[in-house]
Amino acid sequence: FKTMLFDQRLRLAASAFIAKYSDFQVSQFVPTDVGTVITLTNAGKVTTKGVEVEATALLPINFTVTANVGYVHAIFDSFADGGGPGIDYTGNVLPYAPRLKESLAVDYHHPLFGSVEFEFHADYAHTDSSFSNPSNSPLYEADARGITNLRVGLASASSGWSAYLFARNLTNAVYADYRDVSFIGVERAAYGPPRMYGLEMRYKF
């Protein structure tokens, strides 16, 4: 579904889906008595379903607001012996399938002189936790996180240059972007980048 309202100043888009799979194959890390091994397993049946809604509003005085919400429910309908003989993963969540993702962005631009404009951008994005392994063990769980970014600067469309000050992960959120277990059974994690400030300059020629 897509539509434009209020003299094309509000754009709405929404979609819904459902997909069912049989003989779904899963590549996974499986702990054993001698270490961790990679296996390719037939997980049986899987169902994924969800909705996504996006809205963009063109507001007075050069403001644009964009919001997006996505919800996914992806589970193993049947995965007998998924973790080895007698270990059933039926009902577990699929790897890399966070339940909820949502974002909000605000943009503002204002002409200054000639083709030079002042530009401001701020965005916030939230992602639910997810797993890198169908076991859904905390050893393989990536953290939920909410990240805020800012950017402010000047740009000239006719001259092809721009200069911005930016801040990424403004609140300095600490989160594990990935967790797993190494081949020798050592728990490990990769964390998202901390707060970062910087200057970005571009010139097109």
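The shown structure was predicted, so the numbers you read here are calculated from the model rather than taken from an experiment.

Asker: Where do I start with the environment of Thr47 in this structure?
Answerer: Mapped onto the elements of the fold, Thr47 is located in strand β5 (residues 45-59). By relative accessible area, which is 7% here, Thr47 ends up buried. Separated by 27 residues in sequence, Thr47 and Lys20 have C-alpha atoms that sit 4.5 Å apart. In this structure Thr47 touches Ile18, Ala19, Lys20, His73, Ala74, Ile75 and Asp77, once residues within four positions along its chain are discounted. For Thr47, the side chain forms a polar contact with the side chain of Lys20, separated by 3.1 Å.

Asker: Looking at this structure, how should I read the sheet that holds β5?
Answerer: The strands making up a sheet associate through hydrogen bonds between their backbones, and the pairing can be parallel or antiparallel. The sheet built from nine strands is open, its strands ordered β1-β2-β5-β6-β7-β8-β11-β12-β15 with antiparallel pairing. Here the strands that pair on one side only, and so sit at the sheet edges, are β1 (2-5) and β15 (196-203). The mean angle between the axes of side-by-side strands here comes to 10 degrees, regardless of whether they run parallel or antiparallel. Relative to strand β11 (residues 145-156), strand β8 (residues 116-127) is paired through 12 bridges, and the arrangement is antiparallel. The residue bridging Tyr124 from the neighbouring strand is Thr148, located in β11.

What counts, and at which threshold
- Per-chain numbering applies: the sequence of each chain, read as written, is numbered from 1 onward.
- In view of the model being predicted, local features appear only for residues whose pLDDT reaches at least 70, and side-chain atom pairs are presented and counted only at 80 or more, with totals across whole chains, interfaces and linings using the full set of residues.
- The basis for the side-chain values is all heavy atoms of the structure; hydrogens and waters are excluded.
- Only DSSP runs of H or I covering at least 4 residues are called helices, and only runs of E covering at least 2 are called strands; the numbering of each starts at the N terminus.
- Here's how the labels work: a residue is buried when its accessible area is under 20% of the maximum for its type, exposed when over 50%, partly exposed in between, all with a 1.4 Å probe on protein chains only.
- Whether two residues are in contact is decided by their heavy atoms, any of which lying within 4.5 Å being enough.
- Here a polar contact is recorded for every N or O atom pair within 3.5 Å, except that within protein the pair must consist of a potential hydrogen donor and a potential acceptor, and residues adjacent in sequence are included only if both atoms are side-chain atoms.
- Two strands form a pair only when DSSP identifies at least two bridges running between them.
- Orientation is described by lines fitted to C-alpha atoms, with helices fitted over the stretch in contact, and by angles between N-to-C directions that extend from 0 to 180 degrees.

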